[in-house]
Each structure stands twice: as C-alpha cells, then as structure tokens.
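Spelled out from the first residue to the last, the chains are:
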Amino acid sequence: MGKHLKVAVALAFAACLAVFALAGCSTSSGSSNSSGDSSATTESATKTVVDAYGRSVEVPANAQTAATVGSGARFVVYAGAQDKLIAVTEMETDPAMNRPYAIVYKDLFANLPATSNGNHLMETNVNEEQLMELNPDVIISSRSAEECDALQEATGIPVIGISYQNQLFTENVYKSITCVAQALGTEDHAAEVVAKLKEWDADLTSRTANIPNDQKPTVYVGAVNYKGAKSFTGTYANYAPLVELNAINVADSTGQDGAVDVDLEQIANWDPDYMFLNAGNMDLMKEDYANNQALFDSLKAFQNGNLYTQPFFNFNGTNIDTGICDTYFIGATIYPDAFADVDLEAKYSEIYTTLLGADFYQTMKENKMGFKSLSFS
C-alpha cells in the first residue's frame, strides 16, 4: 500500500471514530434531540408522580414552578416547596389567623398573582387562561379527581391532586404531602415532616389507648363553623382530635359524620363534663348565654369551670398543625395524668415549626389567641 493511500485510510478511520463518539454522547443524554441542545433534552425529561387520588401524572423531572387551586398552597408549604410558587389563590393573598400557613407566608403570597378564588370544597372559579399564560410546571389542587382531570385537560399543565379534609393522621395526609414533594423535588423535607406526624400520632394514641371507658369524661365541641359562624349549637361528630384521643364525643350519638347543628335542649340532655368552644364566635356565645343563663348554669361543664377554647382547624381545608395542637390540648385537659410530662407550649411550637417552618404559636400569643380556659360570668 502506498504512503498516500495509508494516510487516507488512517484519516477515514479517525473520522469514523469521531462520528461514533458523537453518536454515543447523543444517545446517553436521553431522548433524541435534533438540535443537539443538551439543555432542551433535560427540560423535556419527565417523571411519574402518583397523587392522593391514585392518578399517575407526568410532571417535569426538575419542576421549578407551581400554582395552586383550592387549598393546595397549604400542602406546598407542608412539603417545604413554597419558594416554587408563582401563583396562588385569593385565599392566600387575603390571609387570616384561621389559616396559619397564609399568615406565615403572607409577604410571599402578597407578591403572587391569584388565579382562582381558592374555595376548597365549595365552587371554585379558576382563570385557566391566566394559568396557561403563567405556565407553571405543576398545578397543586385540593379539588376532586374529576376536577383535577378537567383542569389538566383544559390547560395542558400537569395537575397533582391532594385530599385531606378533616383528617390529621391518615394515609391521605401523608400521601398528599409526599406527592407534592415528589412533584416539586422536596422529598427529604417531606419525609421529615411525615416522620414527625407519625411520631405525634404514636405518642397521642399510646397515652390514651388503655384508659377504660368508665374513666373517660364526656366531651362536647361547640361553636364550630360551617356555612357561617355558629354559637354553642354548632358541633362536630367524628371530630378528628377526639377520635385520636379515644375520647367520648357526645355528638357521635347523633349518628352524623361531620358538622351538625343541634339545639340547646340537646346540649342540656347530654350535659357533657367538658366543653371545648371556638372562641372566634365568642360574641354569639355570649348572646346565647345571656338569653339562656339558667340552662347553661345548670350544666356540669359550667359549674365545674370545664370550659376551654378550641381554635377550630377546619377553614378552607384542614389546618393539620392547629388540629394536632388542639388534640394535645384536649388530651392534657381531659386526661391530665396521661399528659403530665408534656410541655404543651413547647409542643405547640414544635408542631407549627415542623409543618410551617416558623413558630406560629408565638404569633397566636401576640394576637391573644391560644389554648386556655373560658368564662362567661
């Protein structure tokens, strides 16, 4: 073979090697990309997240932005991903003390557009065009599975559904926090939160599981809001904190499940040992007391001073944090021996800080809210 021919063969062989090398790099980067832009390939990568409804949703593998529908922002906070929010709802931009997460992050939410009215269970109005213009990587919604499907179809944006109404320590709650974190890349934070929830659940149930029924006092929860503010007669059957504590909730005898309105005569017939009341409706209760003082003064709870606040935790979805604080407060009140070693104020701070990233209990105290006794005299 001549010298020039050998050189030509060597050059051709080298060119082939270069072509194969380039082809190998292109294949290893993932899906084909005709432009050769590796960043575009990365952005097109997706992963599957199974939401609280069991829906398999394809989301960007490295989601950076999120919007919320219903009360989804609450669980974005619980999952530790609030910094990825680019749109929330009117409920977040108009914060109130009955939604701790909205108070803690009021400055963040105030600077974000509101793309829906934020209703959790009632009618929700969503500005789909605005959502599509903002184009978040993921939408977090507390609406039904069917509504999540419809919104995803209408906008072309992945929708992760969460479900947790009137629940504290349930698989729905754990799954809702976890799937939001999986979608937004905060799995480590969410795992720590869920671990603490399970720790508190085990602590509460272990303290009360072996108390005999004949040693349990009867309990009534009143002034519970639903479809507007209520006085004493607004109550709740299957009330999550009382279920957690294995307590005797007199309202369970109604056979209802959830909010129920009873009359004063029924409360008198039950004559509960303890009453836990939503102090946010104190004006209504004071009016009722003034008009029916003889009836109230005949009740054991009034005679023995067993009247206590119960910051209501269901408002546009369930404030898991306040609900757990309520549970510890009720437990320490009706079972004092079982909770004698618990520093309640430290526990409230721990619960709020774990779920919200800030000690909302201090904010409650500054606003003269909290877990304490009540008096109508």
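Throughout what follows, the structure given in this document is the object of discussion.

Conventions used here
Residues numbered from 1 in each chain as written. Predicted model: local features only at pLDDT ≥ 70, side-chain atom pairs only at ≥ 80, totals over all residues. Heavy atoms only, no water. Phe/Tyr/Trp six-rings, centres within 6.5 Å; stacked < 30°, edge-to-face > 60°. Helix = DSSP H or I, 4+ residues; strand = E, 2+ residues; numbered from the N terminus. Buried < 20%, exposed > 50% of the residue type's maximum accessible area, 1.4 Å probe, protein only. Salt bridge = Lys/Arg side-chain N within 4 Å of Asp/Glu carboxyl O. Pairing = 2+ DSSP bridges. Axes fitted to C-alpha atoms, helices over the stretch in contact; angles between N-to-C directions. Contact = heavy atoms within 4.5 Å. Lys, Arg positive; Asp, Glu negative; His and termini not counted. Core = buried A, V, L, I, M, F, W, Y, C linked by side-chain atoms within 4.5 Å.

1. Quick notes on the packing of aromatic side chains
Using the criterion set out here, one finds 28 aromatic pairs in the structure. Measuring from ring centre to ring centre gives 6.0 Å for Y220 and W270, while their planes differ by 40 degrees; the resulting arrangement is tilted. You can see Y220 sitting in strand β7 (residues 218-222) and its partner W270 sitting in helix α12 (residues 264-270), a full 50 residues away along the chain. Note on W270: relative accessible area 17%, which makes it buried. For the ring pair Y289 and F296, a centre distance of 6.0 Å and an interplane angle of 40 degrees mean the geometry is tilted.

2. Points about the pattern of salt bridges
Summed over all chains, the structure comprises 12 salt bridges. Of the charged contacts, one joins R55 and D51 as a salt bridge, the two residues approaching to 2.5 Å between their closest N and O atoms. Judged by its relative accessible area of 10%, R55 is buried. Its relative accessible area of 1% is what places D51 among the buried residues. The shortest N-O distance in the salt bridge between K196 and E350 comes to 2.6 Å. Taken together, the positions of K196 in helix α10 (residues 187-208) and E350 in helix α17 (residues 344-356) put the pair 154 residues apart, joining distant regions of the chain. Judged by its relative accessible area of 23%, E350 falls in the partly exposed class. Bridged by salt links that share partners, the residues K196, E199, K347 and E350 form one connected network.

3. Some points on the sheet that holds strand β6 (residues 159-161)
The strand order across the open sheet built from four strands is β4-β3-β5-β6, with neighbouring strands paired in parallel fashion. The strands lining the two open edges of the sheet, one partner per strand, are β4 (85-87) and β6. The mean inter-strand angle of the sheet, taken between neighbouring strand axes irrespective of direction, is 35 degrees. Contacting β3 (66-69), β5 (138-141) and β6, helix α8 (residues 145-155) crosses the sheet at an angle of about 170 degrees to β6.

4. Examining the side chain of D271
By the element assignment, D271 lies in the loop between α12 and β11 (274-277). The side chain of D271 is buried and forms no salt bridge, while K300, the nearest opposite charge, is found at 4.5 Å. If sequence neighbours within four positions are ignored, D271 has contacts with T218, S298, L299 and K300.

5. Focus: the side chain of E244
In this fold, E244 is placed in helix α11 (residues 240-244). Of the side chains with opposite charge, R207 comes closest to the buried, unpaired E244, at an N-O distance of 10.0 Å. Setting aside residues up to four positions removed in sequence, E244 forms contacts with F169, D201, L204, T205, T208 and T327.

6. Details of the nonpolar core
The nonpolar side chains of a soluble globular protein tend to be buried with one another. Ranked by size, the top nonpolar core spans 76 residues in total, and within it L197 and I320 carry the most contacts. Excluding its chain neighbours within four sequence positions, the residues that come into contact with L197 are F169, V173, Y174, I177, I320, I324 and L355.

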